[in-house]
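Topology and contacts: notes
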Amino acid sequence: MSEESTTPLKIVVLVKHVPDVQFDRHIDSGTLRLDRAESVLSELDEYAVEAAVSIVEANGGFAAGHEVIAATMGGKGSGNSVKKALQMGASSGLHLNDDALAGSDTIATSKALAALVEHAGNVDLVITGMSSTDAETSVVPAQLAERLGFAQLTHALAVEFDAAQRELAIKRDHLDRTLTLKANLPAVLSVTDQANEPRYPNFKAIMAAKKKTVTELDLAAIGLDAAAVGALGSNTEVIAAEARPAREAGTVINDSGQAGIALVDFLAEQKLI
Amino acid sequence: MPSALVFFTELSAAPSKGQRELLTLVSGFENPAVAVANQVSDEAQQVLASYGVVKLFTASGDAPVFGQHEISVLDAAVQATAAELVLLANDNFSRELGARLAVRRNGAIITDVIGISGDLVATKDELAGSYSVQARATNGTLFATLKPNSIVDAPAASNTALAVEELALENSNDAKVRIAAAEAKVASDRPALTEARVVVAGGRGVNGDFGPVEDLADALGAAVGASRAATDAGWISHDAQIGQTGATVAPQLYISAGISGAIQQKAGMQTSKFIIAINKDVDAPVFEIADLGIVGDLAKVLPQAAEEIRRRKA
């Protein structure tokens, strides 16, 4: 493969700022929205950044003119997820920062992200994680493919890119089979946590990231009305959210040789066998 | 009562548990209809009639194009029925079909639903089962994907007459994603992980040997699950992974063996009805949520339990 002749790729990686799953997470009882105070880059989005940077590195590197734009939407704090992606090797950042975005469902989210990708212009490939770790719907990549008219290659267990053919091949589980799916660019690719091993940014990468450009845009800049997103632009609404009572610890016994029998007694008592 | 439609990629004469739950749910709505993107045998049609389904839409297609035939069938059936509620399975493929069509037709999509009321309010768990949320559509058709193990399977009291309609699909030249190869996965006699009534899961503590976990699972007719530590170590297939980045399960009984119960693991199983945990470490977080905790060696406890179950069944 002649690296010199590769047409530069313009890749957008979508990253999301989500509440840290290591801590208790809360839904506000008034707004019925997620409390996003203690947020980090969604762990699953690291695989998306890694996939993008790996494709570039395997095809001549950034010197060949490829771009990896880490893009996000949301309030001010969301920019932190872009910073992390820049440390991992993305070349620039794009932050759709507008208060009207709060409360967007997948319909409104995919609308805003599709407009953002179109604003970026001539994008060849959009890469995402398999799911956010907060809402966990995992449907926005498919919705983006629908809106952009791009090929949908989602839930990739493995990814290969043929630069000469501008063709992506992925492996994906479907029913009782593992499929190899192929599509030409432009495409939306979502990668699972099986697809690669995300790199850990070193000091040099962290310093280099500080020099990279992050462009902030509001809805007007990408041609969307505030009413197209947020609660008004969504087709669903949450009408109630209730914390489930925490599970309580039951009996704990020490095995003194008969715990297997005690286990079966418990099953019999609860009519589980 | 609103009208409802269920979509299946394929439907055999022995529907899966999740499919039966979807049929039970749809039968409570007006004009319950089913659309299947494949041939439906006479025997499978009888199953539909036994759930009170009145209309079946089918169209088979075998072009090597991923997802295109299925979304055409779903779209045509949605247009033909004008159903207010469209139900789908909760797997990635089905939820993506529903989500794409919701975009195309400006409708609503709600995933991981565990119940839907007569006035189309959906109930689902959020934040890994720590919240119960109610949501509804504010515009267009509601597409909802139903999590297995949410509804008690209940066929109708008597069979209905099932009308069958072959859908006429428009030819589409939108072949973006080609199926280049298909490899069958290793078949298992055990129940599917997300649908199983009982799950026995192993973690780091099995130390490379899933034998005791599998043996107890087979004594109970259960599915086998695993923590991420166990799948990452290559001791068992990634398909068995339960937790934040794997499957979410809500069985009647979850037996956790050699899993500490870190928050990502709990995320995948804490809505189970009963939890039994076996761990060597008395401080393992899993004991905080277990109905029965056993501090001990799983290599001793599990075989003893399996043997006792077989003895009592004999």
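Cut-off values and rules
- Residues numbered from 1 in each chain as written.
- Chains lettered and ligands numbered in written order.
- Predicted model: local features only at pLDDT ≥ 70, side-chain atom pairs only at ≥ 80, totals over all residues.
- Helix = DSSP H or I, 4+ residues; strand = E, 2+ residues; numbered from the N terminus.
- Contact = placed C-beta atoms within 7 Å.
- Nonpolar A, V, L, I, M, F, W, Y, C, P; charged D, E, K, R; others polar.
- Pairing = 2+ DSSP bridges.
- Buried ≥ 20, exposed ≤ 12 C-beta atoms within 10 Å, placed from the backbone.
- Axes fitted to C-alpha atoms, helices over the stretch in contact; angles between N-to-C directions.

This paragraph deals with the overall build of chain B. What chain B contains, in helices and strands, is 8 helices and 15 strands. Judged by the C-alpha coordinates and their principal axes, chain B covers about 60 × 45 × 40 Å. Relative to all contacts within chain B whose residues are 6 or more apart in sequence, the contacts with residues 24 or more apart total 66%.

Glancing now at the interface of chain A and chain B. Between chain A and chain B, the residue contacts involve 62 residues of the former and 71 residues of the latter. Those elements giving two or more residues to the side of chain A that touches chain B turn out to be helix 3 (106-120), helix 4 (140-148), strand 7 (151-156), strand 9 (167-174), strand 10 (177-184), strand 13 (236-243), strand 14 (251-254) and helix 7 (259-269) of chain A. Element by element, the count of residues in the side of chain A that touches chain B is highest for strand 13 of chain A, at 8 residues. Classifying every residue of the side of chain A that touches chain B by side-chain character gives 28 nonpolar, 22 polar and 12 charged. The pairing of strand 14 of chain A with strand 15 (residues 292-295) of chain B spans 4 bridges and is parallel. Bridged to Asn254(A) within strand 15 of chain B is Val295(B).

Moving on, we get to the pairing of strand 6 (residues 125-129) of chain A. Residue and element names in this part refer to chain A. Counting buried positions over the 5 residues of strand 6 gives 5, a clear majority of the element. Of the two faces of strand 6, the one holding Leu125, Ile127 and Gly129 and the one holding Val126 and Thr128 are both buried throughout. Looking at chain direction, strand 1 (residues 10-14) and strand 6 are connected through 3 bridges and run parallel. Its bridge partner lying in strand 6, Val12 is registered against Val126. By the bridge criterion, 5 bridges tie strand 6 to strand 11 (residues 187-191) in an arrangement that is parallel. By the bridge assignment for strand 11, Ile127 is matched with Leu189.

Residue and element names in this part refer to chain A. Strand order in the open sheet made by the 7 strands is 7-11-6-1-4-5-12, with parallel pairing throughout. Of all strands in the sheet, those bounded by a partner on one side alone are strand 7 and strand 12 (214-217). Looking at each pair of strands side by side, their axes are set apart by 20 degrees on average, direction ignored. For strand 1 and strand 4 (residues 67-73), the ladder comprises 5 bridges, and the chain directions are parallel.

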